[in-house]
Amino acid sequence: MPIGPIRLTDRASSALRPATAARITGGFWAERRRTNAEVSIPQGPARLESAGNLANLRAAAAGKGTFTGDFPFQDSDVHKWLEAASWQLADTPDDAELDAEVMELIGLLAAAQEADGYLQTYYQVARPEKRWRELGWGHELYCAGHLIQAAVAHHRTTGRRELLDVAERFAVLVDSVFGADKEIDGVCGHPEIETALVELYRETGQRRWLDLAGYFVDRRGHGLLDADVNPHLGRTYWQDHTPVREAMSVTGHAVRQLYLLAAVTDLAAETGDGELRAIAERLWDAMVSSKTYLTGGLGARHEGEAFGEPYELPPDRAYAETCAAIASIQWSWRMALLTGEAKYSDLVERTLYNGFLAGVGLDGDSWLYVNPLQVREEYEGAFEPDKTARRTPWFRCACCPPNVMRLLASLPHYVASGDAEGLQLHQYATGVYEAGGGRVRVETAYPWQGRITVTVEEAPEDADWTLSLRIPAWCTDYTASAPDGAAPAETHPGWLRLRRRWSPGETLTLDLELDTRLTRPDPYVDAVRGCVAIERGPLVHCLEAVDQSSGPRFEDLTLPDGARLAAHHDPGLLGGVTVVTADGRSRGGGDVVPLTAVPYHAWANRRPGAMRVWIPRE
């Protein structure tokens with residue numbers, strides 16, 4: 001895959017840079033990406049057709065018709081699918097059918113775009129008199145952001161400009177309308193355009209897009225959305241309660257907050273703004289320390305799809321929207337590149353394997369919008385039918401499925417980075433990665449097994465070169481073997497580094513001890529006090545009622561202190577997973593009950609039923 005969603009400029013103040021070429025060729029993620037390529041992405045156009053998204057574009061192009069759908073941001077689903085399909089074309093450039101579908105939708109967008117560059121079918125078809133007049137809820141700039149990201153992806157993977165031309169025309173219009181001294185001094189209720197504009201700057205070299213992104217970030221928090229504020233949600237809902245540079249914690253709608261902070265990090269990298277970097281570091285630490293679920297999920301409240309107070313992390317009422325997990329991965333990867341610190345890639349890993357991956361079914365054709373950590377036996381469903389803890393073919397608000405598609409399609413981009421010293425592996429997936437002046441081939445059965453074998457295929461001749469492998473924060477024991485008895489060292493927290501003169505064919509092997517462990521919650525999290533969770537390597541496990549004996553009620557199952565855990569791989573279960581077993585008890589000191597825990601990401605793929613991550617201690 002060529003350069004992916006982030007392409008830093010030569011002037012960027014960033015510790016690391018994404019790989020210049022990356023391809024996942026086998027193993028765990030290759031299988032999930034194959035399902036994405038063969039099932040999820042191909043279903044997109046038909047889903048968008050049946051939901052009315054494409055009809056809206058045709059109505060806008062014809063200048064007549066009615067708007068279909070319940071939300072003004074229906075166009076963004078089209079844009080996200082186009083981005084996913086574009087990244088997929090990097091893997092399968094000879095897929096003529098996919099290419100034709102992409103070009104057909106690009107032609108439809110071009111036909112729907114107005115002469116001045118405007119493109120938002122809700123306001124073109126349903127409410128033209130309200131254009132730029134409902135910034136809080138209208139999502140006009142949000143949709144523009146997703147359009148820009150799709151255009152950048154298509155240009156990077158194909159070299160074609162048709163979609164980029166559409167996006168640039170819209171961006172020129174936005175730049176002519178928004179600004180402190182222009183027609184509108186305002187921001188969008190849903191951040192997204194900010195990080196997209198930075199990437200448009202990186203793609204085109206035009207400084208105006210970087211400046212416009214900076215304007216939108218710095219104007220947020222100044223009460224510009226007051227006219228649209230829902231008094232019940234308040235200004236914190238869309239981070240309009242305090243200027244970004246003064247924020248002390250993540251608040252409000254989780255996806256909005258995280259997209260905004262991705263842009264803060266992008267700006268810090270491209271401008272060298274130390275204050276923005278410090279803000280991003282401060283807010284990330286605050287989020288991880290007290291507002292992040294064990295699965296990496298984010299958003300404790302259904303109301304407002306929002307972060308809660310510190311340590312407000314109820315497992316059964318967790319919102320943990322799939323889109324929030326994706327936004328977290330995007331932001332943490334930017335932080336990893338900016339700082340070079342391993343802790344950000346630790347969170348990327350935790351979220352990828354747990355909070356994110358649970359959002360799509362093993363079939364690639366069923367989805368979760370919310371990702372709770374507990375579903376009770378008496379579960380009656382959510383108030384909003386879309387947001388139930390049951391897998392669904394599509395959603396009325398379909399933001400999550402195409403978002404999952406675009407992350408899986410671009411996943412090789414998140415594996416490796418490089419700098420002047422060498423190459424760094426952040427995630428472990430079988431494949432070939434080129435960065436930092438060299439190329440390596442990785443072979444691994446991770447996350448089921450802990451061995452990672454890295455073979456150097458190219459390295460600088462007659463010069464030292466550093467190969468760095470992340471040691472996950474969960475890992476308490478590992479061994480490494482290198483050529484000629486060389487000794488890799490943890491010269492920086494979380495990184496195992498070996499600097500030497502490499503020859504093609506030499507290998508570095510890392511064996512991570514995949515400990516099966518019981519994790520206790522932070523004592524401040526009242527909702528799960530007195531419980532434990534089962535983890536193995538990067539995977540959080542859960543109990544599903546379908547796997548337990550028919551004796552005690554599921555709600556009565558407990559796990560005694562000191563319980564011994566055993567792990568074994570079951571190739572016939574859920575596509576092949578490692579399960580963890582233990583002797584539990586029935587509540588109140590009852591008989592011994594065998595417990596079976598499966599990886600959280602694989603739950604809800606069989607019949608509906610109860611589930612829990614946090615298990616009461618006996």
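Whatever comes next refers back to the structure up there.
Residues numbered from 1 in each chain as written. Predicted model: local features only at pLDDT ≥ 70, side-chain atom pairs only at ≥ 80, totals over all residues. Heavy atoms only, no water.

**Student:** Account for the overall build of the protein, with residues named and values stated.
**Tutor:** When you go through the protein residue by residue, the secondary structure sums to 14 helices and 22 strands. Compactness check: the protein gives a C-alpha radius of gyration of 24 Å against a globular reference of 25 Å for 618 residues, within 12% of the reference. Each of the three principal axes of the protein carries a C-alpha extent, and together these read 70 × 65 × 50 Å. The burial tally for the protein puts 63% of its 618 residues in the buried class. Looking at the protein alone, contacts between residues at least 24 apart form 67% of all its contacts between residues at least 6 apart. Per element, the accessible surface of the protein, about 21,800 Å² overall, is 48% carbon and sulfur. Averaging the locations of the 62 positively and 87 negatively charged side chains of the protein gives two centres separated by 2 Å. (Helix = DSSP H or I, 4+ residues; strand = E, 2+ residues; numbered from the N terminus. Rg over C-alpha atoms; globule rule 2.2 N^0.38 Å. Buried < 20%, exposed > 50% of the residue type's maximum accessible area, 1.4 Å probe, protein only. Contact = heavy atoms within 4.5 Å. Areas by Shrake-Rupley, 256 points an atom, 1.4 Å probe, with all protein chains shown as cover. Lys, Arg positive; Asp, Glu negative; His and termini not counted. Charge placed at Lys NZ, Arg CZ, Asp CG, Glu CD.)

**Student:** Any chance you could break down the side chain of Arg391 for me, citing the residues and the numbers?
**Tutor:** Tracing the chain through its elements places Arg391 in the loop between β3 (374-375) and α14 (400-409). Of the side chains with opposite charge, Asp363 comes closest to the buried, unpaired Arg391, at an N-O distance of 6.6 Å. From its side chain, Arg391 meets the backbone oxygen of Trp603 in a polar contact 2.9 Å long. Looking at Arg391, its side chain comes within polar contact range of the main-chain oxygen of Ala604, at 3.0 Å. (Salt bridge = Lys/Arg side-chain N within 4 Å of Asp/Glu carboxyl O. Polar contact = N/O pair within 3.5 Å; in protein donor to acceptor, adjacent residues only side chain to side chain.)

**Student:** Tell me about the packing of aromatic side chains, and please be specific about residues and values.
**Tutor:** Two numbers describe a pair of aromatic rings. These are the distance of the centres and the angle of the planes. Under the criterion given, the structure shown has 25 aromatic pairs. With 5.7 Å between their ring centres and 65° between their planes, Tyr118 and Phe170 make a pair best called edge-to-face. Of the two residues, Tyr118 is situated in the loop between α4 (96-112) and α5 (121-126) and Phe170 in helix α7 (residues 162-177); the sequence distance between them amounts to 52 residues. The same class applies to Tyr118 as to Phe170, namely buried. Judged by centre distance (5.7 Å) and plane angle (80°), the rings of Tyr428 and Tyr446 are edge-to-face. Highlighted residues: Tyr428 in the loop between β5 (422-425) and β6 (431-435) and Tyr446 in the loop between β7 (438-444) and β8 (451-458), separated in sequence by 18 residues. The class for Tyr428 is buried, based on a relative accessible area of 1%. With a relative accessible area of 2%, Tyr446 lands in the buried category. One residue, Arg500, lies across the ring of Trp502, its end atom 5.0 Å from the ring centre. (Phe/Tyr/Trp six-rings, centres within 6.5 Å; stacked < 30°, edge-to-face > 60°. Lys NZ or Arg CZ within 6 Å of the ring centre and 35° of its normal.)

**Student:** How would you summarise the sheet that holds strand β10 (residues 478-481) if you had to cite specific residues and measurements?
**Tutor:** Taken in spatial order, the six strands line up as β2-β6-β7-β8-β13-β10 in an open sheet, and their pairing is antiparallel. Edge positions in the sheet fall to β2 (21-24) and β10, since each of these pairs with one other strand and no more. Taken over all neighbouring pairs, the strand axes of this sheet differ in orientation by 20° on average, direction set aside. As paired strands, β10 and strand β13 (residues 507-512) are joined by four bridges and run antiparallel to one another. Looking at β13, one finds that Ser481 is bridged to Thr509. (Pairing = 2+ DSSP bridges. Axes fitted to C-alpha atoms, helices over the stretch in contact; angles between N-to-C directions.)

**Student:** I'd love a proper account of the pairing of strand β12 (residues 495-500), names of residues and values included.
**Tutor:** Where strand β9 (residues 465-470) and β12 come together, six bridges link them in antiparallel fashion. Bridge pairing in β12 links Arg470 to Trp495. Summarising the sheet, strand β11 (residues 489-492) and β12 pair through two bridges and their orientation is antiparallel. Bridge assignment links His492 to a residue of β12, and that residue is Trp495. Between β11 and β12, which pair antiparallel in sequence order, lie two residues; one of them, Gly494, sits at a positive phi of approximately 85°.

**Student:** Would you mind going over unusual backbone geometry in detail, with residue names and values included?
**Tutor:** The peptide bond linking Tyr446 to Pro447 adopts the cis configuration, its omega dihedral lying at 10°. Along the chain, the position of Pro447 falls in the loop between β7 and β8. One non-glycine residue, Trp132, adopts positive backbone phi at about 60°. Topologically, Trp132 is positioned in the loop between α5 and α6 (140-158). On the basis of relative accessible area, Trp132 is assigned to the buried category, the value being 5%. One non-glycine residue, Asp462, adopts positive backbone phi at about 55°. Along the chain, the position of Asp462 falls in the loop between β8 and β9.

**Student:** For the pattern of salt bridges, give the residues involved together with the corresponding values.
**Tutor:** Counted according to the given criterion, the structure contains 60 salt bridges. The shortest N-O distance in the salt bridge between Arg396 and Asp70 comes to 3.2 Å. One end of the pair, Arg396, is in the loop between β3 and α14; the other, Asp70, is in the loop between α2 (53-62) and α3 (74-91), and 326 residues separate them in sequence. Arg396 sits in the partly exposed class, given a relative accessible area of 47%. Put simply, Glu203 and Arg156 hold a salt bridge, and the shortest N to O gap is 2.6 Å. In this pair, Glu203 sits in helix α8 (residues 193-204) while Arg156 sits in helix α6, placing the two residues 47 residues apart along the sequence. Of the two residues, Glu203 and Arg156, neither departs from the other in class, the shared state being buried. In this structure, a network of salt bridges that share partners links the residues Arg7, Arg156, Glu199, Arg202, Glu203, Asp266, Glu270 and Arg334.

**Student:** Outline α4, supporting the account with residue identities and numerical values.
**Tutor:** Side chains of residues three or four places apart in an α-helix project in the same direction, reflecting 3.6 residues per turn. An ideal rise of 1.5 Å per residue puts 24 Å on 17 residues; α4 measures up with 24 Å between its terminal C-alpha atoms. Tucked inside the fold, the buried residues of α4 contact α1 (27-51), α2, α3, α5, α6 and α7. (Expected span 1.5 Å × (residues − 1).)

**Student:** Go over the packing of helix α12 (residues 322-339) against α14, please, and point to the residues and values.
**Tutor:** Packing of α12 against α14 leaves a shortest axis separation of 9 Å and a crossing angle of 30°. Overall, the two elements α12 and α14 adopt an arrangement that is roughly parallel. Crossing geometry of α12 relative to α14 is assigned as left-handed. The residues of α14 that touch α12, namely those facing Thr322, Cys323, Ile326, Ile329 and Gln330, are Cys400, Asn403, Val404, Arg406 and Leu407. Its residues assigned to classes, the contact of α12 with α14 shows six nonpolar, three polar and one charged. (Parallel < 35°, antiparallel > 145°, perpendicular 65-115°, else oblique. Left-handed = near helix turned anticlockwise from the far one by under 90°. Nonpolar A, V, L, I, M, F, W, Y, C, P; charged D, E, K, R; others polar.)

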